[in-house]
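Residue-level structure breakdown
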Amino acid sequence: MSVNSSQLHNSETIVTMASNGTAHEPVFLVFGRSGWIGGLLGELLKQQGARFEYATSRLEDRAGILAEIERVKPTHVLNAAGMTGRPNVDWCEDHKVETIRANVIGCLNLADVCTQQGIHMTYYGTGCIFHYDDEFKIGGKGFKESDKPNFTGSYYSYTKAMVESLLKEYPNVLTLRVRMPIVPSLTYPRNFITKIIKYDKVVNIPNSMTVLTELLPYSIEMAKRKLTGIMNFTNPGAISHNEILELYKQYIDPEFTWQNFTIEEQAKVIVAPRSNNLLDTTRIESEFPGILPIKDSLVKYVFEPNALQKEEVRAAQLAAKSRATTCRPGNATQMFTLAMRSARVPCREQLWGLAAL
Ligand SMILES: NC(=O)c1ccc[n+]([C@@H]2O[C@H](COP(=O)([O-])OP(=O)(O)OC[C@H]3O[C@@H](n4cnc5c(N)ncnc54)[C@H](OP(=O)(O)O)[C@@H]3O)[C@@H](O)[C@H]2O)c1
């Protein structure tokens, strides 16, 4: 019996069938081995017992990619490679050519090769290409997959919006709009929650966010279903900075306090503006009806597991924070290393922030 994509719609399991009706195993080629999301994808594929390899070629190296495809013979490419900037996206403002090379030329090059080779590509892009405005007000409707990006305030977002609009012409590509990714480890420096706990002042704006622990497995399933086009890859709903910090206070540290500041005040401590938005999640909900609203997902995947060991979490937080303050400002690599050396973050799985502590 063969299975087509419409039959698979709304199903949370899949058997991939070759056109002759025999089951065949998907083979994944993953770009972004040293990156956060790429690292997590490898852990997940390993846990699932899936066949996969990490790519070693650079995105813009067409000959290298072709040789790798010839060797690995992937049925699916997962592209979690790109220039995200260190310590943050402000880096892209001063490194525009490098940013174009990876995020535009490289990404399109890989998509183009995959199309020519008949391989499905899933691209981990960003939803930070939209911003609340008069039509899309805070508390109002969310941006749909079909909406045109209205935020190019940072060079990073500019390249991401540009590449998304070009990628959508490729019939074999799925673009996932990731936003403010969250993992259980509250000491992992790139976790959105770790960041806002650590900052002296935070803005307070509701946003769509991606709980990677819940959603990354869905992305592998989407690849197997060979979904294409654009997908808002966030949990349903929006949550504000203060609501998250209230959860931290409730589950982890009743003494925790913080201060808010305005977007105008925030602008004085960053180089490029940041986007704030709500993405419409009708499409992802129709594929995965069990997906949790953002607050429920945070409670289930982040706060409840951490609450079981709240003393350790608070100690690790304090250690990471005091070590980080001894680093030169903006030296993210050093801060990353120091945080990873803290007693609670010893293994590779925890390195990606996948584990609870
Ligand atoms: N983290 C976030 O907050 C966030 C939010 C929304 C969306 N996203 C998107 O999700 C994707 C993955 O993000 P991430 O946070 O996992 O990124 P990351 O940790 O910065 O890792 C980026 C990865 O891309 C690789 N890379 C960069 N340029 C490359 C090139 N030209 N050729 C081949 N590999 C290249 C890097 O390898 P090397 O170190 O070897 O260069 C690294 O493995 C990106 O597209 C990002 O825009 C991330």
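For the structure, check the block above.
The structure reproduced in this document is the subject of the present report. (Residues numbered from 1 in each chain as written. Predicted model: local features only at pLDDT ≥ 70, side-chain atom pairs only at ≥ 80, totals over all residues.)

1. Focus: the overall build of the protein
When you go through the protein residue by residue, the secondary structure sums to 15 helices and eight strands. Each of the 357 residues in the protein was classed as buried or not, and the buried ones make up 41%. A separation threshold of at least 6 residues defines the contact pool for the protein, and within that pool the share at least 24 residues apart is 78%. (Helix = DSSP H or I, 4+ residues; strand = E, 2+ residues; numbered from the N terminus. Buried ≥ 20, exposed ≤ 12 C-beta atoms within 10 Å, placed from the backbone. Contact = placed C-beta atoms within 7 Å.)

2. Things to note about unusual backbone geometry
With an omega of 5°, the peptide bond between Arg86 and Pro87 qualifies as cis. Relative to the elements of secondary structure, Pro87 occurs in the loop between β3 (76-79) and α4 (90-93). Positive phi is not limited to glycine here, since Lys73 has a value of about 50°. Tracing the backbone shows Lys73 in the loop between α3 (62-72) and β3. Note on Lys73: 13 C-beta atoms within 10 Å, which makes it partly exposed. In this model, Lys226 sits at a positive phi of 55°, which is unusual for a non-glycine residue.

3. Focus on the pairing of strand β1 (residues 27-31)
β1 sits mainly inside the fold: four of its five residues count as buried. When β1 meets strand β2 (residues 51-54), the two strands line up parallel, connected through four bridges. For Val30, the partnering residue across the bridge sits in β2 and is Tyr54. What joins β1 to β2 is helix α2 (residues 36-47), and the crossover it makes is right-handed. (Pairing = 2+ DSSP bridges. Right-handed = clockwise from strand over helix to strand, strands pointing away.)

4. A look at the site of the ligand
Not every one of the 25 residues close to the ligand is listed here, only the nearest: Gly35, Trp36, Ile37, Ala81 and Gly82. Here the residues of the shell around the ligand are counted per class, giving eleven nonpolar, nine polar and five charged. (Near = placed C-beta within 6 Å. Nonpolar A, V, L, I, M, F, W, Y, C, P; charged D, E, K, R; others polar.)

5. Considering the sheet that holds strand β7 (residues 229-232)
With parallel pairing, six strands are arranged side by side in an open sheet as β2-β1-β3-β4-β5-β7. On the outer flanks of this sheet lie β2 and β7, each paired with one strand and no other. Shown here is a sheet whose adjacent strand axes are inclined to one another by a mean of 20°, direction ignored. Sheet topology places β1 next to β3; four bridges connect them, and they run parallel. If you follow Leu29 over to β3, its bridge partner there is Val77. Contacts between α2 and the sheet are confined to β1, β2, β3 and β4 (120-126), with β1 contributing the most and set at about 160° to the helix. Taken strand by strand, helix α8 (residues 212-224) contacts β3, β4, β5 (173-178) and β7, and its axis lies near 145° from that of β4. (Axes fitted to C-alpha atoms, helices over the stretch in contact; angles between N-to-C directions.)

6. Observations concerning the environment of Ile220
In this structure, Ile220 sits in helix α8. Judged by the 20 C-beta atoms lying within 10 Å of it, Ile220 is buried. Between the C-alpha atoms of Ile220 and Phe28, which are 192 residues apart in sequence, the distance is 9.5 Å.

7. Comments concerning the packing of α3 against helix α5 (residues 96-117)
Running from N to C, α3 and α5 cross one another at 40°; their axes reach a closest spacing of 10 Å. Taken as axis vectors, α3 and α5 run oblique relative to one another. In this structure, α3 crosses over α5, and the sense of that crossing is right-handed. Residues Arg62, Ile65, Leu66 and Ile69 of α3 form the contact with α5, whose own contacting residues are Asn109, Leu110, Val113 and Gln117. When grouped by side-chain class, the residues that make up the contact of α3 with α5 number five nonpolar, two polar and one charged. (Parallel < 35°, antiparallel > 145°, perpendicular 65-115°, else oblique. Left-handed = near helix turned anticlockwise from the far one by under 90°.)

Purely geometric numbers; function is a separate question.
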